[in-house]
Amino acid sequence: MAPETNTMTSTTIGDTILKVEHLSMKFGGLMAINDFSFEARRGDITALIGPNGAGKTTVFNCITGFYKPTMGMITLRQRDGREHLLERLKDFEITKSAKVARTFQNIRLFSGLTVLENLLVAQHNVLMKASGYTILGLLGLPTYKKAVGASIEKAKYWLDKADLTDRADDPAGDLPYGAQRRLEIARAMCTGPELLCLDEPAAGLNPRESAALNTLLHSIRSEGVSILLIEHDMSVVMEISDHVVVLEYGQKISDGTPDHVKNDPKVIAAYLGVEDDEVDEVIAVELEGGDR
Ligand SMILES: Nc1ncnc2c1ncn2[C@@H]1O[C@H](COP(=O)(O)OP(=O)(O)OP(=O)(O)O)[C@@H](O)[C@H]1O
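Throughout what follows, the structure given in this document is the object of discussion.

Conventions adopted
- Residues numbered from 1 in each chain as written.
- Predicted model: local features only at pLDDT ≥ 70, side-chain atom pairs only at ≥ 80, totals over all residues.
- Heavy atoms only, no water.
- Buried < 20%, exposed > 50% of the residue type's maximum accessible area, 1.4 Å probe, protein only.
- Helix = DSSP H or I, 4+ residues; strand = E, 2+ residues; numbered from the N terminus.
- Pairing = 2+ DSSP bridges.
- Right-handed = clockwise from strand over helix to strand, strands pointing away.
- Axes fitted to C-alpha atoms, helices over the stretch in contact; angles between N-to-C directions.
- Contact = heavy atoms within 4.5 Å.
- Parallel < 35°, antiparallel > 145°, perpendicular 65-115°, else oblique.
- Left-handed = near helix turned anticlockwise from the far one by under 90°.
- Nonpolar A, V, L, I, M, F, W, Y, C, P; charged D, E, K, R; others polar.
- Near = heavy atom within 4 Å.
- Polar contact = N/O pair within 3.5 Å; in protein donor to acceptor, adjacent residues only side chain to side chain.
- Areas by Shrake-Rupley, 256 points an atom, 1.4 Å probe, with all protein chains shown as cover.
- Phe/Tyr/Trp six-rings, centres within 6.5 Å; stacked < 30°, edge-to-face > 60°.
- Lys NZ or Arg CZ within 6 Å of the ring centre and 35° of its normal.

**Notes on the pairing of strand β8 (residues 226–230)**
The side chains of a regular strand alternate between the sheet's two faces. Burial of β8 is extensive: five of the five residues sit out of reach of the surface. Relative to β8, strand β3 (residues 45–49) runs parallel, the two sharing four bridges. Bridge pairing links Ala47 to Leu229 in β8. The pairing of strand β7 (residues 195–199) with β8 spans five bridges and is parallel. Following the sheet pairing, Asp199 is matched in β8 by Ile230. Following the backbone out of β7, through helix α8 (residues 207–222) and into the adjacent parallel β8, one traces a crossover that is right-handed.

Right, dumping it as structure tokens:
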């Protein structure tokens, strides 16, 4: 069990951790997200998929405080029952108070710092709090020393989970691409999130790296941490997700289990690039196919 990570119990499985209601985001004349609602359940891996430009990253940016939505409500419900309206919080409060962590499409590590240092820097907030924000605290307070010990334990734990222990002292920038992706996720886990948002974590990975990523995500889920994922690689989505939500042109077109979504004619039409007025035709053909 990860240091300070809560255990998943029967009372917490299956309840809602994130509720997005009537979310809209307008950029000038472009309605990037239009009245979009969905829920992510605690302990699930929820995937947000859709064609290029559908609005997936915009939704992530609204959830994690990088954008203020034009309209809508985003509620994060913590294990202890506390609720946070994310659209009202600043991005750092979303990480610190609501316990939402994220990674980005492009890797954002401290490439000159070692792998271990990247994981310790992520725990800066906890360490500073334990120091009482004073130099005396840094030098002598027992609470600070205890917090340092706990941070190192947590870093070691996630190094192991991300299969990076043997690279702990190497500069992060020297790691192969797939290992850098896992380090980013391990670093996000060191902030102690309840919800982890991953923007295309499998992009650019080879099959072996992709399998290592899946193992890491499964182990995160087994700790009771919920995952919200944007992903283009359908084999990753279908293999690891409990729940899939599909966006097209900023609107939800499907929502359900991977099997449900995979067989949804609207999703098939969206991915095949069928025009709106041809969707009914595609659906009819699919339904006929289903009857055979
Ligand atoms: N800051 C911005 N200013 C103006 N338009 C934006 C901004 N961010 C996103 N958009 C537009 O909003 C729409 C949705 O973009 P978004 O990046 O959210 O889609 P996406 O589904 O994540 O795409 P991809 O799969 O290609 O990453 C696009 O038309 C995009 O050009």
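**Description of the sheet that holds strand β1 (residues 16–27)**
The four strands are arranged β2-β1-β4-β5 in an open sheet whose pairing can be described as antiparallel. With partners counted over all chains shown, the strands left at the sheet margins are β2 (30–41) and β5 (83–85), one partner each. Averaged over all neighbouring strand pairs, the angle between strand axes comes to 15°, with direction disregarded. Judged from the eight bridges that link them, β1 and β2 form a sheet pairing that is antiparallel. By the bridge assignment, Thr16 is partnered in β2 with Arg41. The strands touched by helix α1 (residues 56–63) are β1, β2 and β4 (71–77); relative to β1, the strand with the most contacts, the crossing angle is about 115°.

**Some words on the packing of helix α7 (residues 177–189) against α8**
Packing of α7 against α8 brings their axes to within 9 Å, and their N-to-C directions diverge by 10°. Judged on the interaxial angle alone, α8 and α7 are roughly parallel. In this structure, α7 crosses over α8, and the sense of that crossing is right-handed. On α8, the residues touching Tyr177, Gly178, Arg182, Ile185 and Met189 of α7 are Glu209, Ala212, Leu213, Leu216, Leu217 and Ile220. When its residues are assigned to classes, the contact of α7 with α8 shows eight nonpolar, one polar and two charged.

**A short note on the site of the ligand**
Surveying the vicinity of the ligand reveals 14 residues, the closest of which are Gly53, Gly55, Lys56, Thr57 and Thr58. In the environment of the ligand, an oxygen atom lies 3.4 Å from a nitrogen or oxygen atom belonging to the side chain of Asn52. Between the ligand and the protein, one listed contact pairs an oxygen atom with a backbone N or O atom of Gly53 at 2.9 Å. Relative to its free-state accessible area of 640 Å², the ligand is covered by the protein chains to the extent of 63%. Counting only elements with at least two residues in the shell around the ligand, the list comes to β2 and α1. Each residue belonging to the shell around the ligand can be placed in one class, and the counts come to six nonpolar, seven polar and one charged.

**With respect to the packing of aromatic side chains**
On inspection of all chains with the given rule, the structure shows three aromatic pairs. Where Tyr157 meets Trp158, the ring centres are 5.2 Å apart and the plane angle is 85°; that geometry is what we call edge-to-face. Sitting over the ring of Phe66, Arg102 keeps its end group 5.0 Å from the ring centre.

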